[in-house]
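Given next are the chains, with one letter for each unit.
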Amino acid sequence: MTPEQVEALLVPFSPEVIKQKGGGGFAADYVDHGHVTERLLQVDPEWTWEPLATDANGVPLLVPLDGMSYLWGRMTVLGVSRIEVGSVQSGKQEELKEAVSDFIKRAAMRFGVGLHLWMGEDVPNKKKSKAAGSASGSRRSTANSPSKPS
């Protein structure tokens, strides 16, 4: 992976594609997996991912634990592989699909995609978020103490 390729992965997303989720006293900026996938394809059209475990039918295995389901996988970008996990609340209607989406976003972050959002850094020209109660709209508790998106 060249420094130029790393820089291309690290380019912050524009405010127009950044969404916000939250509740219970926090708000988090995020980019949907479609935009993450687009960034990966721009830098490496041959990027891949694979689950670390599958069931007897070859379907990615979800591991339930404490009301959550976890999908462990390996993403390969520009010949470099990294392991990560995606998670979703157990019992959701599209549980596997949501776990894969979460895995893609989290694994891509390990290559720098959307890293500015995970670090809670301001995005240039981003409007203030009322839900966050802070300038960047990054995840905040009601006391404005930062934490990382999940």
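Please read all numbers here as calculations on a predicted model, not as lab measurements.

Criteria and cut-off values
Residues numbered from 1 in each chain as written. Predicted model: local features only at pLDDT ≥ 70, side-chain atom pairs only at ≥ 80, totals over all residues. Heavy atoms only, no water. Salt bridge = Lys/Arg side-chain N within 4 Å of Asp/Glu carboxyl O. Helix = DSSP H or I, 4+ residues; strand = E, 2+ residues; numbered from the N terminus. Buried < 20%, exposed > 50% of the residue type's maximum accessible area, 1.4 Å probe, protein only. Axes fitted to C-alpha atoms, helices over the stretch in contact; angles between N-to-C directions. Parallel < 35°, antiparallel > 145°, perpendicular 65-115°, else oblique. Left-handed = near helix turned anticlockwise from the far one by under 90°. Contact = heavy atoms within 4.5 Å.

Some remarks on the pattern of salt bridges
Then, in step 1: Counted by the stated rule, this structure contains 6 salt bridges.
Then, in step 2: E50 serves as the salt-bridge partner of R74, at 3.3 Å between the closest nitrogen and oxygen. Pair noted here: R74 is in strand β5 (residues 68–77) and E50 is in strand β3 (residues 48–51), with a separation of 24 residues, a long-range link.
Then, in step 3: Across the pair K97 and E94 runs a salt bridge, and its minimum N-O distance is 3.3 Å.
Then, in step 4: Given a relative accessible area of 53%, K97 falls into the exposed group.
Then, in step 5: Overall, E94 belongs to the partly exposed group, its relative accessible area being 41%.
Then, in step 6: By sharing partners, the salt bridges in this structure join E84, R106 and R110 into a single network.

Considerations on the packing of helix α1 (residues 3–10) against helix α2 (residues 33–43)
The packing of two helices is summarised by the inter-axis angle and the distance between the axes.
Then, in step 1: At their nearest, the axes of α1 and α2 sit 9 Å apart, and the two run at 160° to each other. Classified by the angle between their axes, α1 and α2 sit roughly antiparallel to one another. Between α1 and α2 lies a crossing of right-handed hand. For the pair α1 and α2, the contacting residues are Q5, A8 and L9 in the first and R39, L40 and V43 in the second.

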